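Understanding the architecture of this molecule
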Amino acid sequence: MAHRWTNDLTYDDITPRAAYLNRRQILAAMGGTALVGLAGAGEAQEALEPNGWDEITSYCNYYEFGTNKDDPSRYAGQLTTDPWSVTIDGLVERPGEYSFADIIAKMTIEERIYRFRCVEAWSMVVPWNGFELADLLDLAGVTSDARYVAFETAYRPEEMPGLRFPVIDWPYVEGLRLDEALHPLTIMATGIHGRPIPNQNGAPLRLVVPWKYGFKSIKSVVRITLTDKEPPTAWNKANPREYGFYSNVNPTVDHPRWSQASERRIGAGLFARREPTLMFNGYEAEVASLYEGMDLRANF
Ligand SMILES: Nc1nc2c(c(=O)[nH]1)N[C@H]1C(S)=C(S)[C@@H](COP(=O)(O)O)O[C@H]1N2
Ligand SMILES: [Mo]
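The name given to the protein chain in an unreviewed UniProt entry is Protein-methionine-sulfoxide reductase catalytic subunit MsrP, with the source organism recorded as Thetidibacter halocola.

1. Observations concerning the pattern of salt bridges
Here the structure, examined in full by the defined rule, presents 15 salt bridges. Ionic pairing is found between aspartate 179 and arginine 177, a salt bridge with its closest N-O pair at 2.8 Å. Look at aspartate 179 and you get partly exposed, because its relative accessible area is 33%. With its nearest N and O atoms 3.2 Å apart, the salt bridge here joins arginine 265 to glutamate 275. Linking arginine 265 in strand E11 (residues 262–265) with glutamate 275 in strand E12 (residues 275–276), this pair joins segments that are 10 residues apart in sequence.

2. So, the sheet that holds strand E10 (residues 221–227)
Spatial ordering of the open sheet is given by E2-E1-E10-E5-E6, a layout of 5 strands whose pairing is mixed. Every other strand in the sheet has two partners, leaving strand E2 (96–99) and strand E6 (173–177) as the edge strands with one partner each. For this sheet the average axis-to-axis angle between neighbouring strands, irrespective of direction, equals 20 degrees. In terms of strand pairing, strand E5 (residues 148–153) meets E10 through 6 bridges, oriented antiparallel. Looking at the pairing, alanine 150 lines up with threonine 225 of E10.

Rules used in this analysis
- Residues numbered from 1 in each chain as written.
- Chains lettered and ligands numbered in written order.
- Predicted model: local features only at pLDDT ≥ 70, side-chain atom pairs only at ≥ 80, totals over all residues.
- Heavy atoms only, no water.
- Salt bridge = Lys/Arg side-chain N within 4 Å of Asp/Glu carboxyl O.
- Buried < 20%, exposed > 50% of the residue type's maximum accessible area, 1.4 Å probe, protein only.
- Helix = DSSP H or I, 4+ residues; strand = E, 2+ residues; numbered from the N terminus.
- Pairing = 2+ DSSP bridges.
- Axes fitted to C-alpha atoms, helices over the stretch in contact; angles between N-to-C directions.

Right under this line is the structure:
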């Protein structure tokens, strides 16, 4: 299931589009021979400079292991990630338990360098390794009546000390509309910086939806259910006034308790200026059409 992306990039066009090309394709595009199609180049943006391994793996949100940013890196080592399987059920042709090893054997792992924007207004740039969620859903065969995809994280009280605290209604659950789930930017990540994804970042596989606030990118997924109804989501259940189903990054719609117009880039230094937050986290050209005609303030 290799993916072919067109290489009709101009140099200025390398970002943000390059952010979701794999590195080989970026290099090919930058090599010169494929530099065609100068018309209609998007606004030039600074090349995405990925955050380092230590930043990405030590400043985490994974409330099953505690609510401090360093709790996941301290305690998630206890999570047993091998063996692992994902149950894919609901409106699919081939429901069942798919072992992580079998999934990996059938997928093509690519590198995707994505902006990552937490609803708390900090951000990073993460070089994920993974595969498109659409390819995983193809294994199970989505039926024509499916409209939404529901996700669930492992629930392991003996391994997850944070489950003792009712911060949210465990297990952590999330959801996407089917067209969002099938969008080529939506991936299941299995690695970071070319290494297996560490437990604190959601081993052995976690969702990554780069145009949405980070909490949509659910970690350590054990169940994926195709449905015809909008599924409940953990943060929306916990506080529906503050966290909507869509949770698309939007600098013009503030959180009730803080502004979403700017963000603090992790690793930029204590005195660095906040950066402006981009509509759909910089992926507007790719995903705005999914929400055509929708009131993004009402559907936050
Ligand atoms: N199961 C689960 N998934 C989760 C979370 C969590 O607490 N539990 N936190 C979310 C939030 S708020 C963010 S910002 C990202 C953080 O991902 P990272 O730690 O890999 O940066 O994971 C999301 N996925
Ligand atoms: Mo977050």
